[in-house]
Amino acid sequence: MTSTQPHHSERIHHQVALHVLVNELKTCLPDSAIIAEPEALRPYECDGLSAYRCLPWLVVLPATVAQVQHCVRCCYRHGVPIVARGAGTGLAGGALPLDNGVLLSLVRLNRILDIDSANRLARVEPGVRNLAISQAAASHGLYYAPDPSSQIACTIGGNVAENSGGVHCLKYGLTTHNILQLDIITMDGELVTIGSHGLDGPGLDLLALMTGSEGMLGIVVAVTVKLLPLPEQVQVVLAAFDDVEQAGLAVAEIIAAGLIPAGLEMMDKATIKAAEDFIHAGYPEDAEAILLCELDGSAAQVDEELELAVALLAGSGASHISIAKSEQERKRLWAGRKAAFPAIGRLSPDYYCMDGTIPRRFLATVLKGIAELSEHYGLAVANVFHAGDGNLHPLILYNADLPGDLQKAEQFGGDILKLSIAVGGTISGEHGVGIEKINHMCMQFSTQELTQFHAIKRAFDGRGLLNPGKAIPTLSRCAEFGAMHVHHGQLPHPGIDRF
């Protein structure tokens, strides 16, 4: 009886604290914006990294900046952690909730506040979908360049949190290269503007610091993005190769020649087959790998670069080269690439998506290493990635219902990240660290660097209430991780159920 009493008392205290917090929240938010029932909380228990789940203590859905401030101030007074969430499409567990904290969903802040076509800017709320920005700007002859594969669903706030990229990031950059200003709420409820509508803002470059900070430094409530004019002409070339490593070498040849395509994407045989069966994009299924090379600009520029690209691909050993004959065909070729992740999902009960980034010249080397690791672990892998900037997305196929399969997939993924670091790369290109790669931060960064990261976190969030347990490992965890070398399958996050 004694052993169960503390647990019972703790549960009562938990319920009383929740009741007090909910009552305070209701002074500014309607009942419909507060979710506390277990059944209604279930859809928020994970993001795109569905292998790890945690039922949130409370979900709040504010619809205005004032409501966000009220929620944050209530949590600050009571010392309650907050995890901000957009559409939940993230793949690293960055929006995984806490069982003792508030999940702050920003999907109701979904208004496009202004489109300034003269200055090629748009000011939007964080819950606006990535694709919706380009759709709204199209009537002005403008668009927003970063285009993650999940752009139909992912939100701009989440893009800022993870510094998302997309198939056109080679020429036009990641989110950090395409935003000018952020309005954020600090953990004590203050509204702060970072950056400016000019090309460069005064003072420290806090805009770059905030982009990719995974909701650990502040909560984004408005974003000013750059818009680009729609190009006069766009053309895409499909090149097929009989060898995956040969395709990797072709990427290096294109960049070495000084050609910067708008997009340069690579898919291996497994991904080609899956995407073709799913989308019917017109991919050659007998190829070991394909490259999609898109060129845009003026008609004269595209014609000139197209001739060069075809010559480079042919010289690199492409077995087949075709050029899209219409805009419809061009869109179909890209639809296959953007549907690669769901297409792979049809091949296996589960897959584990990695996000290492490497110098382009090592593409062939790393692809060979991934193939060897696949054989070693006995798990199939499908490769699809932003070849132009070396951002790998190997999809490791496994079955979570088989004992030990998830652990093997994680170990396989960890070895890919080790390989990425070994050739001078990094553990993430656009998916972030979240909980998925927090241990691997210990492999990439020194004790001094991690100490500096923690100092920055304290400067913005002295009580450690914003998305705790994510992205930056403690030094003691790194010491433990080093002693174990790589203790796979034990991600450091309280209250997580593993499926």
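Structural data are supplied above this passage.
Let me sum up the structure you'll find in this document.

Calculation notes
- Residues numbered from 1 in each chain as written.
- Predicted model: local features only at pLDDT ≥ 70, side-chain atom pairs only at ≥ 80, totals over all residues.
- Heavy atoms only, no water.
- Disulfide = S-S within 2.5 Å.
- Helix = DSSP H or I, 4+ residues; strand = E, 2+ residues; numbered from the N terminus.
- Buried < 20%, exposed > 50% of the residue type's maximum accessible area, 1.4 Å probe, protein only.
- Pairing = 2+ DSSP bridges.
- Contact = heavy atoms within 4.5 Å.
- Axes fitted to C-alpha atoms, helices over the stretch in contact; angles between N-to-C directions.
- Salt bridge = Lys/Arg side-chain N within 4 Å of Asp/Glu carboxyl O.
- Core = buried A, V, L, I, M, F, W, Y, C linked by side-chain atoms within 4.5 Å.

With respect to the state of the cysteines
Enumeration over the complete set of coordinates arrives at 1 disulfide. In this model C442 forms its disulfide with C478; the gap between the sulfur atoms is 2.1 Å. Sign of the S-S torsion, about -80° for the bond between C442 and C478, identifies this disulfide as left-handed. With a gap of 36 residues between them, C442 in helix α15 (residues 441-444) and C478 in helix α17 (residues 475-484) connect regions that are remote in the sequence. For the pair C442 and C478, a shared accessibility class is recorded, and that class is buried. The thiol sulfur of C74 is not disulfide-bonded, and the nearest other cysteine sulfur, from C71, lies at 6.8 Å. Exposure remark for C74: the relative accessible area of 0% places this residue in the buried category. No disulfide involves C169; its sulfur sits 13 Å from the nearest other cysteine sulfur, which is in C154.

What about unusual backbone geometry?
In most cases, non-glycine residues show a negative phi, while peptide bonds are predominantly trans. Even without a glycine there, the phi angle at R120 is positive, about 55°. Among the secondary structure elements, R120 is positioned in the loop between β6 (112-116) and β7 (121-124). A relative accessible area of 42% means that R120 is categorised as partly exposed. Of note in the backbone geometry, N467 takes a positive phi value of approximately 45° without being a glycine. Residue position: N467 is located in the loop between α16 (447-460) and α17. The exposure class of N467 is buried, given its relative accessible area of 2%.

Focus: the sheet that holds strand β4 (residues 82-85)
Taken in spatial order, the 4 strands line up as β1-β3-β5-β4 in an open sheet, and their pairing is mixed. With one partner strand each, in any of the chains shown, β1 (34-35) and β4 form the two edges of the open sheet. Direction of pairing for β1 relative to strand β3 (residues 58-60): antiparallel, over a ladder of 2 bridges. Each residue of the ladder has a partner; that of I34, found in β3, is V60. The strands touched by helix α3 (residues 65-78) within the sheet are β3, β4 and β5 (102-105), with β5 carrying the most contacts at an inclination of about 170°.

Structural notes on the pattern of salt bridges
In total, this model carries 17 salt bridges according to the counting rule given. The residue E265 makes a salt bridge to R337 at a minimum N-O spacing of 2.7 Å. Note that E265 is positioned in strand β14 (residues 263-268) and R337 in helix α11 (residues 327-338), a separation of 72 residues in sequence. Given the relative accessible area of 1%, R337 is considered buried. Between D355 and K437 there is a salt bridge whose closest N-O contact spans 4.0 Å. Of this pair, D355 sits in the loop between β17 (350-353) and α13 (363-377) while K437 sits in the loop between α14 (405-422) and α15, and the two are 82 residues apart along the sequence. By relative accessible area, which is 0% here, K437 ends up buried. The network of salt bridges with common partners includes R42, E45 and R53.

Here's the deal with the nonpolar core
In this structure, F241, M266, L313, I396 and F412 are the most contacted members of the largest nonpolar core, which totals 57 residues. The biggest single contributor to this core is α13, with 6 residues. In this structure L313 touches V237, A239, F241, I254, L291, A318 and I321, once residues within four positions along its chain are discounted. Grouped together as the second largest cluster of nonpolar side chains are 27 residues, C71, C74, V102 and V221 included.

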